[in-house]
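# Commentary on secondary and tertiary structure
Each chain, written out:
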Amino acid sequence: MINDNTAHQGHILVASNDHEDCALIRSQFEPSGFLIECCKSMRDVYMTDLSPYSIVLLELSDNIEEGIHAIETIKQRSTTRETPVLVYSTSKRSDVLVDALNAGADDYVLKPFSMRELTARVNAVLRSTRG
């Protein structure tokens, strides 16, 4: 973990029940100066104070409706309205992509994804929200 006294690029919350995703994302982003925390359920997302996070990476997996509701909740709260949400999923259904974007997601990545693509998309979303 990065020392709290060290300047960091941002604070990322990974919401996924796949432990491998979290470990992979952590190994990619922590060396670049990001702080990474993981939660394994949408319930955890609701119970977490999201205000310190620069971005939320949210996996839409088994219960897509619950994930869409989580995006809507994040975007409706005054403290997290501006927090970007990048969604990733194995679903190639266009209605899932459209529903996620309409709920407030800032970007959508199909899984499996390359870490280069995910890094580029996270950086692009952060640039657009910091700008």
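These lines cover the structure that appears in this document, whether it is placed above or below. (Residues numbered from 1 in each chain as written. Predicted model: local features only at pLDDT ≥ 70, side-chain atom pairs only at ≥ 80, totals over all residues. Heavy atoms only, no water.)

Now for the pattern of salt bridges. In total, this model carries eight salt bridges according to the counting rule given. Asp-21 is the partner of Lys-111 in a salt bridge, and the nearest nitrogen-oxygen pair spans 2.7 Å. Residue Lys-111 is located in the loop between β5 (107–110) and α5 (115–130), and its partner Asp-21 is located in helix α1 (residues 19–29); the two are separated by 90 residues in the primary sequence. By relative accessible area, which is 18% here, Lys-111 ends up buried. You can call Asp-21 buried: its relative accessible area is 9%. (Salt bridge = Lys/Arg side-chain N within 4 Å of Asp/Glu carboxyl O. Helix = DSSP H or I, 4+ residues; strand = E, 2+ residues; numbered from the N terminus. Buried < 20%, exposed > 50% of the residue type's maximum accessible area, 1.4 Å probe, protein only.)

This paragraph deals with the state of the cysteines. Per the counting criterion, the structure on display carries one disulfide. At a sulfur-sulfur separation of 1.4 Å, the disulfide partner of Cys-22 is Cys-38. On the S-S bond that ties Cys-22 to Cys-38, the torsion sits near 55°, and the link is right-handed. Of the two residues, Cys-22 is situated in helix α1 and Cys-38 in strand β2 (residues 34–39); the sequence distance between them amounts to 16 residues. (Disulfide = S-S within 2.5 Å.)

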